[in-house]
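These are the residues of each chain, in order.
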Amino acid sequence: MRVNRTLGLLIVAALLGVAWLGYSQPQLFPGGLDVPGLVWAIMALLLVSGAGYGFYRFKHDRGMALAGAVFWSLLIVAITLAYPLFN
């Protein structure tokens, strides 16, 4: 299980790196590809698939699942509120 978490974090970090590169250096990507939008869409799919796992986990370990849901909800709200500052 620990390897899956680490791999997931590495994938998200790599996607964030590609998104930042696409935002700061768009000329590196051919055809005016909206790389940040594409990466955010992939991350949304990862979030949805993780939520499916969270609902499965909720049956077995309610406390940790609830804490994770609250944490990620607050983090998403914080990112949404901070986004205009960086845009």
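These numbers were taken from a predicted model, which means no experiment stands behind them.

K.L.:
Mind showing me how you'd approach the environment of P26 here?
P.N.:
With respect to the secondary-structure elements, P26 resides in the loop between α1 (2-24) and α2 (35-60). Residue classification places P26 among the partly exposed residues on the basis of a relative accessible area of 47%. Residues P26 and P36, spaced ten residues apart in sequence, show a C-alpha to C-alpha distance of 9.4 Å.

K.L.:
I tried to follow the nonpolar core on my own but got confused; where do I start?
P.N.:
One broad trend across soluble globular proteins is that nonpolar side chains are buried collectively. L15, A19, V35, V39 and M43 together form the largest nonpolar core, which totals five residues. Among the elements of the structure, α1 and α2 are those that each provide at least two residues to this core. Top element by residues in this core is α2. It accounts for three residues. Setting aside residues no more than four positions away along its own chain, L15 makes contact with V39, I42, M43 and L46.

K.L.:
Honestly, the confidence of the model for the chain in this entry has me stumped. Any pointers?
P.N.:
Caution applies to low-pLDDT parts of the model: their predicted coordinates are not meant to be read in detail. Scored by pLDDT, the chain has a mean of 76; 87% of the residues are at 70 or more. Confidence scores differ between elements of the chain, with α2 showing the lowest mean pLDDT of 72 and helix α3 (residues 62-86) the highest of 79.

K.L.:
Is there a simple way to explain the layout of surface pockets in this structure?
P.N.:
Gaps left between atoms show up when a probe the size of a water molecule is rolled over them. Reported here for the second largest pocket is a volume of approximately 390 Å³. If you trace the second largest pocket, you find eleven residues lining it, with W20, Y23, W40, Y83 and F86 closest to the centre. Elements that contribute at least two residues to the lining of the second largest pocket include exactly α1, α2 and α3. Of the residues contributing to the lining of the second largest pocket, the split by class is ten nonpolar, one polar and no charged.

Each value, and the rule that gives it
Residues numbered from 1 in each chain as written. Predicted model: local features only at pLDDT ≥ 70, side-chain atom pairs only at ≥ 80, totals over all residues. Heavy atoms only, no water. Helix = DSSP H or I, 4+ residues; strand = E, 2+ residues; numbered from the N terminus. Buried < 20%, exposed > 50% of the residue type's maximum accessible area, 1.4 Å probe, protein only. Core = buried A, V, L, I, M, F, W, Y, C linked by side-chain atoms within 4.5 Å. Contact = heavy atoms within 4.5 Å. pLDDT = per-residue confidence, 0-100. 1 Å grid on protein atoms, 1.4 Å probe; cavity = no way out; pocket = protein on both sides within 12 Å on 5 of 7 lines; lining within 4 Å. Points joined across faces, edges and corners; volume = space filled by probe spheres on them. Nonpolar A, V, L, I, M, F, W, Y, C, P; charged D, E, K, R; others polar.

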